[in-house]
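# Tertiary structure, described
Below are the chains, spelled out letter by letter.
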Amino acid sequence: MTTWTPAYSPDDGGLDDRVPFLARLESEDRSALLALGRTLDFTPRTILIRQHEPSAHVLFLVHGWTKVTASAANGYEALLALRGPGDVVGESAALTGRSRSATVTALEEVRAVAVERERFRDFLGRSPAVSFALLGLTADRTRAADRRRLEFASLSVRERFAVLLLDLARTHGRRTPAGIELAVPLSKQELAGSVGASREMVQRLLKELRDKDAVATGRRTMLIMRPDILRRIAATDPAPGIPSPPGPSER
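## Notes on the sheet that holds strand β9 (residues 173–176)
Strands sit in the order β9-β10-β12-β11 across an open sheet of 4 strands; the sheet is antiparallel. On the outer flanks of this sheet lie β9 and β11 (215–218), each paired with one strand and no other. In this sheet, neighbouring strand axes are inclined to one another by 25° on average, regardless of whether the strands run parallel or antiparallel. Sheet analysis places β9 next to strand β10 (residues 179–182), joined by 4 bridges and oriented antiparallel. In the strand pairing of β10, Arg175 is matched with Ile180.

As structure tokens, then:
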């Protein structure tokens with residue numbers, strides 16, 4: 001049986017949208033839920049769930065990170081979220097019976113537990129605590145989406161991009177002697193889709209940041225060397241846990 005060890009607790013700042021579904025459950029409920037499914041392994045860039053396809057199962061991520069994207073009729077693809085260990089994906093379509101609203105793609109080696117739609121729904125019917133946990137997760141994700149829409153309306157693309165990089169550094173950053181390395185591989189197009197910009201605009205913004213020695217970039221890699229510069233652009237307070245490394249003053 002596949003198990004998952006939570007890396008979060010209710011003391012991590014509250015059960016907001018960044019606390020994954022499995023971390024919200026009691027250990028007995030978590031074990032019982034995962035025991036209903038079968039374990040699947042996915043290689044990087046493999047699609048786990050495809051937009052517009054019918055729903056047959058729910059996936060519980062136990063290892064590795066994924067991206068959630070949605071495509072518009074004109075072909076524009078937006079990055080909606082990153083989901084990792086402990087998260088559930090595909091639950092909305094499973095509950096409503098509608099087709100998938102987004103595509104979920106592995107960013108690295110991913111292991112997940114697939115639970116058939118009817119087994120998942122039956123389990124929720126027998127487990128009020130799990131049902132309320134799922135309802136809470138849905139509410140938190142909706143509130144996060146509302147905050148993002150407000151942010152889009154109030155900030156410029158340049159400011160939104162700085163906010164995005166700071167958020168990725170806080171949630172997916174690895175400390176290195178040179179700076180904060182983003183642990184999830186995202187392309188320029190995926191970064192652009194996350195802030196509602198074009199790929200060309202993101203290229204220009206990255207060049208500006210490289211010229212300021214704020215970031216260093218490679219193929220799907222990024223190192224944030226001067227988060228203080230990003231904070232000035234975003235006009236935000238210093239992000240918790242991300243001290244600014246020593247360096248020359250911004251020119």
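Don't stop here, the text continues.
## Points about the pattern of salt bridges
In this structure the tally under the stated criterion is 15 salt bridges. Ionic pairing is found between Arg24 and Asp140, a salt bridge with its closest N-O pair at 3.1 Å. Linking Arg24 in the segment before α1 (27–34) with Asp140 in helix α4 (residues 128–154), this pair joins segments that are 116 residues apart in sequence. Neither residue differs from the other here; Arg24 and Asp140 are each classed as buried. Note that Glu181 and Arg174 form a salt bridge whose closest N and O atoms lie 3.8 Å from each other. A relative accessible area of 29% places Glu181 in the partly exposed class. The partly exposed category is assigned to Arg174, whose relative accessible area is 44%. Overlapping salt bridges, with partners in common, bring together Arg24, Asp140 and Arg143 in one network.

## Points about the pairing of strand β8 (residues 110–116)
Looking down a regular strand, the side chains alternate between one sheet face and the other. Counting buried residues along β8, 5 of its 7 residues qualify, which places the element largely inside the surrounding structure. When strand β1 (residues 38–42) meets β8, the two strands line up antiparallel, connected through 5 bridges. Paired with Arg38 across the two strands is Ala114, which belongs to β8. As defined by bridge partners, strand β3 (residues 57–63) adjoins β8 across 6 bridges and the pair is classed as antiparallel. What sits directly across from His63, in β8, is Arg111.

Parameters and conventions
- Residues numbered from 1 in each chain as written.
- Predicted model: local features only at pLDDT ≥ 70, side-chain atom pairs only at ≥ 80, totals over all residues.
- Heavy atoms only, no water.
- Pairing = 2+ DSSP bridges.
- Helix = DSSP H or I, 4+ residues; strand = E, 2+ residues; numbered from the N terminus.
- Axes fitted to C-alpha atoms, helices over the stretch in contact; angles between N-to-C directions.
- Salt bridge = Lys/Arg side-chain N within 4 Å of Asp/Glu carboxyl O.
- Buried < 20%, exposed > 50% of the residue type's maximum accessible area, 1.4 Å probe, protein only.

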